[in-house]
Amino acid sequence: MSGTGEKGSATTKTPGDFLKAIRGRPVVVKLNSGVDYRGILACLDGYMNIAMEQTEEYVNGQLKNKYGDAFIRGNNVLYISTSKRTLADGA
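The structure presented is a predicted model; accordingly, all values stated were derived computationally and were not measured. (Residues numbered from 1 in each chain as written. Predicted model: local features only at pLDDT ≥ 70, side-chain atom pairs only at ≥ 80, totals over all residues. Heavy atoms only, no water.)

**Some words on the sheet that holds strand β2 (residues 36-44)**
Two orientations exist for strands paired in a sheet by backbone hydrogen bonds: parallel and antiparallel. Pairing in this open sheet of five strands is antiparallel, and the strands run β4-β3-β2-β1-β5 from one edge to the other. Each edge of the open sheet carries a strand with a single partner, namely β4 (62-72) and β5 (77-82). Within the sheet, the average angular offset between the axes of one strand and its neighbour, ignoring direction, is 25°. Bridge analysis of strand β1 (residues 26-31) against β5 gives five bridges, and the strand direction is antiparallel. Paired with Lys30 across the strands is Tyr79, a residue of β5. (Pairing = 2+ DSSP bridges. Helix = DSSP H or I, 4+ residues; strand = E, 2+ residues; numbered from the N terminus. Axes fitted to C-alpha atoms, helices over the stretch in contact; angles between N-to-C directions.)

The following block contains the structure:
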């Protein structure tokens, strides 16, 4: 019974699978300080260091800066979430 069903193993995803799947897609990166960075995930490493493109910085939900490319040190990251770029109009 346990471990023999193909259905269970086919749907099991790891955090690494999620991170590989979202490369090149819009994401929201929330920092421990509460600041959000929204942009395209270019790459990341095992320490959760993140490189982003077309990056926008949001403080308290308001756009503060736009950057072409941004690098975020992994120890500052609270979470990474997938994003729809339309979140900016009513977040």
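**Some remarks on the pattern of salt bridges**
Tallied over the full model, the rule gives two salt bridges. The partner of Asp36 in a salt bridge is Lys30, and the shortest N-O contact between them spans 3.5 Å. Salt bridges linked by common partners bring Lys30, Asp36 and Arg38 together as one network. (Salt bridge = Lys/Arg side-chain N within 4 Å of Asp/Glu carboxyl O.)

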